[in-house]
Amino acid sequence: MSREYVEKRNSAYYVADTRVSIASVVHHFRLGASPETILQKFPALGSLSVVYGAIAFYLENQNEVEASLTEDRQAWNEFSKNADPLPASAAEGMKSFDRQGENRFSGRQ
């Protein structure tokens, strides 16, 4: 029985029946995360077969997915150019949060 693991919604790709974007899965996959680690990070995916299905979709449709990710990045860059800057205290908090998340994923403390 065949199953669709990824669906397109509002010009973006998502793992079917979840709110997890394919961009999130691809990001961790590119960093070298195993399917088991991706499932731990996104329990809404439900099973390893879904993670493998999402990765397989990406690998089979890499050009199309990359084009979508590029469009998302461009839209974000355009938004951030026109958005009001964060207050200094919030910007510093985001830097700290980014470093903590990076250390947690890499195993560094």
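Residues numbered from 1 in each chain as written. Predicted model: local features only at pLDDT ≥ 70, side-chain atom pairs only at ≥ 80, totals over all residues. Heavy atoms only, no water.

### Things to note about the overall build of the protein chain
Right, so step 1: Looking only at helices and strands, the protein chain has five helices and two strands in total.
Right, so step 2: Along the protein chain, helices and strands appear, N-terminal first, in the series β-β-α-α-α-α-α.
Right, so step 3: With 109 residues in all, the protein chain has 25% of them scored as buried.
Right, so step 4: If you take every contact in the protein chain between residues at least 6 apart in sequence, the share linking residues at least 24 apart comes to 43%.
Right, so step 5: Summing over all exposed atoms, the protein chain offers an accessible surface of approximately 7800 Å²; the carbon and sulfur share of this is 52%. (Helix = DSSP H or I, 4+ residues; strand = E, 2+ residues; numbered from the N terminus. Buried < 20%, exposed > 50% of the residue type's maximum accessible area, 1.4 Å probe, protein only. Contact = heavy atoms within 4.5 Å. Areas by Shrake-Rupley, 256 points an atom, 1.4 Å probe, with all protein chains shown as cover.)

### Structural notes on the packing of aromatic side chains
Right, so step 1: On inspection of all chains with the given rule, the structure shows three aromatic pairs.
Right, so step 2: Measuring from ring centre to ring centre gives 5.5 Å for Y13 and F57, while their planes differ by 50°; the resulting arrangement is tilted. Placement of the pair is Y13 in strand β2 (residues 12–15) and F57 in helix α3 (residues 48–60), with a sequence separation of 44 residues.
Right, so step 3: Under the relative-accessibility criterion, F57 is labelled buried at 19%.
Right, so step 4: For the ring pair F29 and Y58, a centre distance of 6.3 Å and an interplane angle of 75° mean the geometry is edge-to-face. A residue pair is termed long-range when its members are at least 10 positions apart, and F29 in helix α1 (residues 22–30) and Y58 in helix α3 qualify at 29 residues.
Right, so step 5: In this structure F29 comes out as partly exposed when scored by relative accessible area, which is 28%.
Right, so step 6: By relative accessible area, Y58 is classed as buried at 4%. (Phe/Tyr/Trp six-rings, centres within 6.5 Å; stacked < 30°, edge-to-face > 60°.)

### Some points on the pairing of β2
For a regular strand, side chains alternate in direction, first toward one face of the sheet and then toward the other.
Right, so step 1: As judged from the four bridges shared by strand β1 (residues 6–9) and β2, these two strands associate in the antiparallel manner. Bridge pairing in β2 places R9 opposite A12.
Right, so step 2: Between β1 and β2, which pair antiparallel one after the other, the connecting turn spans two residues, and N10 there sits at a positive phi close to 50°. (Pairing = 2+ DSSP bridges.)

### Observations regarding the side chain of T18
Right, so step 1: If you trace the backbone, T18 turns up in the loop between β2 and α1.
Right, so step 2: On the basis of relative accessibility, which here comes to 10%, the residue T18 falls in the buried class.
Right, so step 3: Side-chain polar atoms of T18 contact the backbone oxygen of V15, separated by 2.8 Å.
Right, so step 4: One polar contact links the side chain of T18 to the main-chain amide nitrogen of V20, over a distance of 3.1 Å.
Right, so step 5: Each residue touching T18, except ones within four places of it in the same chain, is listed here: R9, A44 and L45. (Polar contact = N/O pair within 3.5 Å; in protein donor to acceptor, adjacent residues only side chain to side chain.)

### With respect to the pattern of salt bridges
Right, so step 1: Tallying each qualifying case throughout the model produces three salt bridges.
Right, so step 2: Measuring nitrogen to oxygen at the nearest pair gives 2.8 Å for the salt bridge that ties R9 to E7.
Right, so step 3: Under the relative-accessibility criterion, E7 is labelled partly exposed at 27%.
Right, so step 4: We note a salt bridge from K81 to E78, for which the minimum N-O separation is 3.5 Å. (Salt bridge = Lys/Arg side-chain N within 4 Å of Asp/Glu carboxyl O.)

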